[in-house]
Amino acid sequence: MAKLIIDAVITGILTGGVYALMSSGLTLIFGVMNIINIAQGALVILGAYLSFVLQQNFHIDLFLGLLITMPVMFMLGILIEWAFIRPLKLERTMLSILVTFAVALIIEGVLGIQFGTSFVQLHAWYADASFQIGGFYLAYIYVFGFVLSVILLGGLYVLLYRTKFGYSLRASMQNRTAAELIGIDVERVSAVTFGIGVALTAAGGMAFGATTAFNPGSHYDLISRLLVIIILGGLGSLRGALIASLVMLVIEDVTSVVWSPVWASTVFFMLLVVTLLVRPQGLFGQLEARKQ
Amino acid sequence: MKIIKITGLIALLAVFIAFPLVFSDPAITIIAVFTMLFAVATTGWNIFSGYTGYIALGHAAYFGLGAYAMALMAQDWKIPAGYAPFFLLPLAGLVAAIFAVPFGWIALRTRRHTFVVITIAIFFIMQLMAYNLRGITNGSAGLTLPIPFDWSADFFNLPFYYVALALLLLALGVSWWVRNSKYGLGLLAIRDDEDRALGLGVKTGPSKLVAFVISAFFVGMVGALHAYFIGSLYPPFAFDALFDVAVALMAFLGGLGTLAGPILGALILVPTQQYFTLQFSENGYYLVIYGILFLVIILLLPEGILPTIRKRWIKWMAYRSQSGKIQVVAGTSGQEDALVAESSGKRDGVNL
C-alpha cells in the first residue's frame, strides 16, 4: 500500500507539472487582462490534435512538432484576442467568459467534424515504454513531459522577470491604468500575453494527449480542473497556480489509490470548496482591493 | 398608456394560450414546450444574475437536482403517470432551493469572477455525484419516470405546455415583484456598486442569497418538468454544461436584468437551436453554428435587444421633440442619455 501511495505521489508530481504548464497560461491571461479564458481547455485539446496530425501525416516527433504547433497556437491566440476579446467594452470579465466559452464550442465542433468523437491517444516509443527506478515503474513520457514543463516554465520565468516585455507585462498586471500612463502599450501586451498563454497549451496538450486518451469533448473536464487550480492558487498568481497544480494532482492520484478512482475528481472539487471557506481569495491570491 | 400596456399583455397571454391549439402539429408543440421551459429557467436565472450582476454559470446543477428529485419522488411514492406528477413540481423546486442555500452561501463569499468559477465547480461536483452515488441515482444507467401512455400523440405536449406557461407566469410575477420592490432595488444597487450599497445599509449577503435561492427554485422546477416530459434521466443530460450557458445567452440576448428580456431571448433562441439541431443533426456542425451565433450576439448586441431598443427609442423621442415643440422632454431624455453614457463609462473604468 505504501508503495502504491509513493507511486501515486510521484505520478501526481509529474502530471502536476503538465497541469502547471496549462494553468500558468490561464492565470497569466487573467492577471493581465482580467478575463477568464474558458477556451483554454479546448485549446489544450486542439494542441493535442495538432501534435496528433503532425505525427500521423508527417511523421514528426511529438516534441519536435512543438516547434511548429507552439508558434501556430501563439498566432491563433493573438487572433482570438484581437477578434473576440478586444471588441468587448462593457462588462468585460463577464462577457469574456461567455465569448471564450463560444470559442471553446466552436473548437469542439470543428474537432468533432474533423476527427469524430472516438478517443485517441498520442503514441511514441517514450509514451508506451517505461523504466524502473528504485522499484517503481515510470513511463518515460511522464518524465519527459515534466522536464518539458520545467523548461518552458523556466523560460516563462526568464521572460517575465528578465526582459523588458516581462516588466511591461508585470506592470500591466499590477495596475493597468498606471501602466498605460507610463507609456506601456497595454493592448499589445495583452495580445502577446494571450498568445503566450495559448502557445503553452500546445505543449501542455501534447503532454496531456500522450498520457491520457482524449476526444473533442474532453475539454469540459480539463477546463474545470484548470479553473479549480487557478482559483485555489489565487487568481493571477503564477506561483499559486504552480503549487496548486502539484498539490491537486498529488491529492487526486493518492485518493484514487487509497479510496477509488471514481471519487478522485470529486475530492478535487471538494478541496476547492473547503479551501475557499477558509480563504476566499485562494492560497496565494490578493484580497480583491479593487471592488466591482 | 397603462390601459394599452395591460391590453397588450392580455393579448400576448392569449397568443401564448392559443398557440398550441392553432399550431397543433406535435413537431411544433414540442418546440413550444422546450421554449416555454427555457423561458421559465431564464426568467428564474435572471432574478438572481440579471438583478445582482453576478453571472452564475452553474444553474444546471439545480436543473439536475430538480430532475432527480422529481424522478426519485415519483419512484418512491409510486406516483402514477398522468396529472399527478405535476403537483410534485413545487417540491422538486424546493429540493433544488434547499441545496442552493449552502451552495449559494459558499459561492457568494467571493466576488464576481471567482463566483463564476465556483458555480461551475459546484455544477461539476453535482454531475460527478450523479454518476457516483449509484445507490440513489443509479449512476450512468439512469432513472425512468412514469410515462403517461394514455395521452395520445396529438395531446401529449399540451399539458406540459400549459404547466410550463403557468410556471412562466409565476416566475414573471416574482420577477416583476422583485424588480419593483425595495428588496429588488437593493439587488440593483449591488449590481451597480456593491460596496456603496453595503454602506447605504443594503444587507448585501442575505439579499444575494435569497435571490440565488429563488432562481434555483424556478430552475429546479424546470428541471423536474423537463425530466417528466422526456421520461428518462441520465447524468450528462440532467447536468448539462450547455444548459448553463444557454440560459445565460438567452438572458444576454433579450437584455440582462430586464423583465421581458429573458423570455424574448428564449423565444428567439430555442426555436433557432431546435431548427439547427434538426438541420445539422451531426453534433460537430451544431456546436460550430451555436458557437458562432453566440459570438455574433455578444459582439453585436452586448447589452441585449430590449435595452438597445429602449436606448434608440429615447434618442428618437429626443430627436422628435427637438424638431417639434416640447423642449422639456428633450431636456430630460438628453439627461437620461448622459446618465447611460456615464454609467457605461464607469463600468469601463472598473474593468480597466
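Residues numbered from 1 in each chain as written. Chains lettered and ligands numbered in written order. Predicted model: local features only at pLDDT ≥ 70, side-chain atom pairs only at ≥ 80, totals over all residues. Heavy atoms only, no water.

### Here's the deal with the overall build of chain A
The secondary structure content of chain A amounts to 12 helices and two strands. Reading chain A from its N terminus to its C terminus gives the helix and strand order α-α-α-α-α-β-β-α-α-α-α-α-α-α. For 292 residues, the compact-globule formula gives about 19 Å, and the C-alpha radius of gyration of chain A, at 19 Å, lands near that figure. In chain A, which comprises 292 residues, the proportion classed as buried is 59%. Long-range contacts, defined here as pairs at least 24 residues apart, represent 76% of the contacts in chain A between residues at least 6 apart. Summed over its atoms, the accessible surface of chain A is roughly 11800 Å², and 68% of this surface lies on carbon and sulfur atoms. Across chain A, the centroid of the 14 positively charged side chains sits 12 Å from that of the 13 negatively charged ones. (Helix = DSSP H or I, 4+ residues; strand = E, 2+ residues; numbered from the N terminus. Rg over C-alpha atoms; globule rule 2.2 N^0.38 Å. Buried < 20%, exposed > 50% of the residue type's maximum accessible area, 1.4 Å probe, protein only. Contact = heavy atoms within 4.5 Å. Areas by Shrake-Rupley, 256 points an atom, 1.4 Å probe, with all protein chains shown as cover. Lys, Arg positive; Asp, Glu negative; His and termini not counted. Charge placed at Lys NZ, Arg CZ, Asp CG, Glu CD.)

### What to know about the overall build of chain B
Within chain B, the regular secondary structure consists of 16 helices and two strands. Relative to a compact globule of 352 residues, whose C-alpha radius of gyration would be 20 Å, chain B shows 21 Å and is just as compact. Projected onto its principal axes, the C-alpha positions of chain B cover 70 × 50 × 40 Å. In chain B, buried positions account for 53% of the 352 residues. For chain B, long-range pairs separated by at least 24 residues make up 78% of all intrachain contacts whose partners lie at least 6 apart in sequence. As displayed, chain B offers around 16000 Å² of accessible surface, 70% of which is attributable to carbon and sulfur atoms. The averaged location of the 16 negative side-chain charges in chain B is 11 Å from the averaged location of its 21 positive side-chain charges.

### Considerations on helix 5 (residues 112-132) of chain B
Compared with an ideal rise of 1.5 Å per residue, which puts 21 residues at 30 Å, helix 5 of chain B spans 30 Å between its outermost C-alpha atoms and is within 8% of the ideal. With 20 of 21 residues buried, helix 5 of chain B lies mostly within the body of the structure. (Expected span 1.5 Å × (residues − 1).)

### Topic: the interface of chain B and chain A
Interface extent is often summarised as the accessible area lost during association of the parts. Listed as interface residues are 50 residues of chain B and, on the opposing side, 51 residues of chain A. Overall, the association of chain B and chain A removes approximately 4800 Å² of surface from exposure, summing both partners, and the carbon and sulfur fraction of that is 77%. Taken together, chain B and chain A are joined by zero salt bridges. Along the contact surface separating chain B from chain A lie zero residue pairs in polar contact (both at pLDDT 80 or more). Of all the secondary structure elements, the ones that give two or more residues to the side of chain B that touches chain A are helix 4 (89-107), helix 5, helix 9 (194-199), helix 12 (241-254), helix 14 (283-300) and helix 16 (327-351) of chain B. (Buried area = accessible area lost by both parts, 1.4 Å probe. Salt bridge = Lys/Arg side-chain N within 4 Å of Asp/Glu carboxyl O. Polar contact = N/O pair within 3.5 Å; in protein donor to acceptor, adjacent residues only side chain to side chain.)

### As for the side chain of N37 of chain A
Residues and elements named next belong to chain A. Within the fold, N37 resides in the loop between helix 1 (2-33) and helix 2 (40-58). Here A39 takes part through its backbone nitrogen, which lies 3.1 Å from a polar atom of the side chain of N37. A polar contact is formed between the side chain of N37 and the side chain of Q40, at a distance of 2.9 Å. Once residues lying within four places of it in the same chain are set aside, the contact partners of N37 are L26, I29, L43, T100, F194 and I223.

### Topic: a nonpolar patch on the surface
Residue and element names in this part refer to chain A. A surface patch of nonpolar side chains, about 450 Å² in accessible area, is lined by M1, L4, V258 and W259. Relative to the helices and strands, M1 is located in the segment before helix 1. Overall, M1 belongs to the exposed group, its relative accessible area being 56%. (Patch = residues over 30% accessible without salt bridge, like charges linked within 9 Å, V, L, I, M, F, W, Y side chains within 5 Å.)

### Describing the pairing of strand 1 (residues 130-133) of chain A
Residue and element names in this part refer to chain A. Summarising the sheet, strand 1 and strand 2 (residues 136-139) pair through four bridges and their orientation is antiparallel. Residue pairing in the sheet places F131 in a bridge with L138 of strand 2. Connecting strand 1 to the next strand, strand 2, in antiparallel fashion are two residues, including G134 with a positive phi near 55 degrees. (Pairing = 2+ DSSP bridges.)

### A word on unusual backbone geometry
Phi at H59 of chain A is positive, roughly 55 degrees, even though this residue is not glycine. For K78 of chain B, which is not a glycine, the phi torsion comes out positive at approximately 50 degrees. Within the element layout of this structure, K78 of chain B appears in the loop between helix 3 (60-76) and helix 4.

### A word on the packing of helix 2 (residues 26-52) of chain B against helix 8 (residues 182-192) of chain B
Residue and element names in this part refer to chain B. Running from N to C, helix 2 and helix 8 point in directions that differ by 50 degrees, and their axes come no closer than 7 Å. The orientation of helix 2 relative to helix 8 falls into the category oblique. Taking contact as the criterion, the partners of I47, G50, Y51 and T52 in helix 2 are, on helix 8, L187, L188, I190 and R191. The residue makeup of the contact of helix 2 with helix 8, split by class, is five nonpolar, two polar and one charged. (Axes fitted to C-alpha atoms, helices over the stretch in contact; angles between N-to-C directions. Parallel < 35°, antiparallel > 145°, perpendicular 65-115°, else oblique. Nonpolar A, V, L, I, M, F, W, Y, C, P; charged D, E, K, R; others polar.)

### Let's talk about helix 3 (residues 62-85) of chain A
Taken as a whole, helix 3 of chain A carries its principal kink of about 35 degrees at I68 of chain A; the proline P71 of chain A stands between one and four residues after it. Tucked inside the fold, the buried residues of helix 3 of chain A contact helix 1, helix 2, helix 4 (92-115), helix 5 (125-128), helix 6 (140-162) and helix 9 (186-211) of chain A. (Bend = angle between axes of the 7 residues up to and from the residue.)

### Some remarks on the nonpolar core
Generally speaking, soluble globular proteins have nonpolar side chains that are buried together. In this structure, L98 of chain A together with L57, Y62, L89, F160, L225 and L233 of chain B are the most contacted members of the largest nonpolar core, which totals 213 residues. Apart from the residues lying within four places of it in its own chain, the contact partners of L98 of chain A are L57, V245, A248, F252, F294 and I298 of chain B. (Core = buried A, V, L, I, M, F, W, Y, C linked by side-chain atoms within 4.5 Å.)

### Things to note about the side chain of S24 of chain A
Tracing the sequence through the fold places S24 of chain A in helix 1. In this structure S24 of chain A touches L153, L156, L200 and L238 of chain A, once residues within four positions along its chain are discounted.

### Points about the packing of aromatic side chains
Residue and element names in this part refer to chain B. Enumeration according to the criterion identifies 40 aromatic pairs over all chains in this entry. When the ring of F48 is compared with that of Y54, the centres are 6.4 Å apart and the planes differ by 40 degrees; the resulting orientation is tilted. Its relative accessible area of 0% is what places F48 among the buried residues. Residue class for Y54 comes out buried when judged on its relative accessible area of 0%. With centroids separated by 5.2 Å and ring planes inclined at 55 degrees, the aromatic side chains of F160 and Y228 adopt a geometry described as tilted. Note that F160 is positioned in helix 7 (residues 153-180) and Y228 in helix 10 (residues 204-230), a separation of 68 residues in sequence. An identical accessibility class is assigned to F160 and Y228; each is buried. Taken together through their ring pairs, the aromatic side chains of F34, Y83, F86, W151, F155, F156, F160, Y228 and F229 make up a single cluster. (Phe/Tyr/Trp six-rings, centres within 6.5 Å; stacked < 30°, edge-to-face > 60°.)

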